[in-house]
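Analysis of the macromolecular model
If you want the building blocks of each chain, they are given just below.
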Amino acid sequence: MNRDFSRQSFLGAESDDVLARVHVAIIGLCGGGSHVAQQLAHVGVGGFVLCDPDIVEGSNLNRMVGATQGDAESGQQKVAVIARTILAINPHAEIIRCAGTWQSHALELRKATAVFGCVDSFVERAQLDGMCRRFLIPYIDIGMDVTTSSTGHVISGQVILSIPGRACMRCMGFITDELLAAEAHRYGAAGSRPQVVWPNGVLASTAVGLFLTLVLPWQGTGDVPLFIEYDGNSQCVFPSNRLPMVSHMVCKHFAGENDLGDPFYGKAVFDD
């Protein structure tokens, strides 16, 4: 049975065909990544590259869309669970499953229309941003945290859109050498951070909205916000106050000819 997308026809007359031809990569599939995959399957995205080296555990069930107690008990791979979720919505979706680190599957990521990063580590974020700049791919980063304050707990988060030629995550001050050095001092581990389903859902929905604005003409030709913040205590999503400084900034971190573009694009690669 053909799917009926008539209720999202406002996205554009050709939106169904455009989305069916799109390929997205999702790095990290537990919290925000599982929401992103489910929503993109619902709107009609036809191709997925799923990257996560981990298996489902009991501690994942509070936030991983599609995961079951049985998956945790059997140690099911996260890529298998999210592929199952996507195929239940769209049986015709093309899915590449990368049950390992995304660094070992960089060739698959080159085909992506956009990459969604749902990782904890700032080192990995910096690497993903750099990889996407190399392959001229928009990178959408999702992150949340819970901190303790004098009055209780504070839930915060952000969605960052990094587009080649525009401000990168370093330009925005979100990634700094000091931050990377501090994380490296902790052996690169981001640590176990609190994660719950509803902030992940809000941030993932915001990220999917940014992506649809990039690939479809439903909002016209206005600027897409590059940095969106989330206040989980007041349940508000708002443009970051960093935007006026970076919205029209030309990135200098990835500006040289050696930093932009894939030098092997279009060239055949042969094994020895």
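Every chain is numbered independently, its residues counted from 1 as its sequence is written. It should be noted that, the model being predicted, local features are given only for residues of pLDDT at least 70 and side-chain atom pairs only at 80 or more, the latter also being counted only at that level, while totals for whole chains, interfaces and linings use all residues. Based on all heavy atoms of the structure, the side-chain values leave hydrogens and waters out of the count.

Here we look at the confidence of the model for the protein chain
For clarity, the threshold we go by: The quantity called pLDDT is the predictor's confidence in a given residue, expressed from 0 to 100. Contact definition: two residues touch when any of their heavy atoms are within 4.5 Å.
Of the residues in the protein chain, 90% reach a pLDDT of 70 or more, and the chain-wide mean stands at 88. Note that residues 265–272 has pLDDT below 50 and, in this model, 1 contact with residues that lie over four places away or in other chains.

Quick look at the nonpolar core
What tends to happen in soluble globular proteins is that the nonpolar side chains get buried as a cluster. What counts, and what does not: To form a nonpolar core, buried Ala, Val, Leu, Ile, Met, Phe, Trp, Tyr and Cys residues must be joined to one another through side-chain atoms within 4.5 Å. Relative accessibility decides the category of a residue: with a 1.4 Å probe and only protein chains considered, values under 20% of the type maximum give buried, values over 50% give exposed, and everything between is partly exposed. Segments assigned H or I by DSSP are reported as helices when at least four residues long, segments assigned E as strands when at least two residues long, and all are numbered from the N terminus.
Residues Leu40, Phe48 and Phe211 are the most contacted members of the largest nonpolar core, which totals 79 residues. Ranked by the residues each element gives to this core, the list is headed by helix α8 (residues 197–215), at 7 residues. If we ignore the near neighbours within four places in the chain, the residues touching Phe48 are His23, Val24, Ile26, Ala37, Leu40, Ala41, Ile86, Ala93, Glu94, Ile95 and Ile96.

Structural notes on the environment of Arg125
Quick reminder of the rule: Whenever a nitrogen or oxygen atom comes within 3.5 Å of another N or O atom, the pair is scored as a polar contact, on the condition that within protein one atom can donate a hydrogen and the other can accept it, and that pairs from neighbouring residues in sequence are kept only if both atoms are in side chains.
The topology assignment puts Arg125 in helix α6 (residues 122–135). With relative accessibility at 3%, the residue Arg125 sits in the buried group. A C-alpha to C-alpha distance of 9.7 Å links Arg125 and Tyr139, two positions 14 residues apart in sequence. The residues touching Arg125, leaving out its near neighbours within four places in the chain, are Val119, Asp120, Tyr139, Asp141, Ile142, Gly143, Gln158, Met169, Phe174 and Ile175. Within the structure, the side chain of Arg125 is placed 2.9 Å from the side chain of Asp141, a separation counted as a polar contact.

Looking at the pattern of salt bridges
Think of it this way: side chains of opposite charge can pair up when their charged atoms draw near. The test is simple: Salt bridges are identified by distance alone: a Lys or Arg side-chain nitrogen within 4 Å of an Asp or Glu carboxyl oxygen.
Taken as a whole and assessed by the stated rule, the structure comprises 4 salt bridges. In this structure, Arg84 engages Asp71 in a salt bridge whose closest nitrogen and oxygen atoms are separated by 2.6 Å. Here Arg84, found in helix α4 (residues 78–89), pairs with Asp71, found in helix α3 (residues 69–74); they are 13 residues apart in sequence, far enough to count as distant.

So, the pairing of strand β8 (residues 236–239)
What counts, and what does not: By this definition, two strands are paired if DSSP reports at least two bridges between them.
Bridge count between strand β7 (residues 227–231) and β8: 4 bridges; the pairing is antiparallel. Directly across from Glu229, in β8, lies its bridge partner Phe238. Counting the residues in the hairpin turn of β7 and β8 gives 4 residues, including Gln235, whose phi is positive at 60 degrees.

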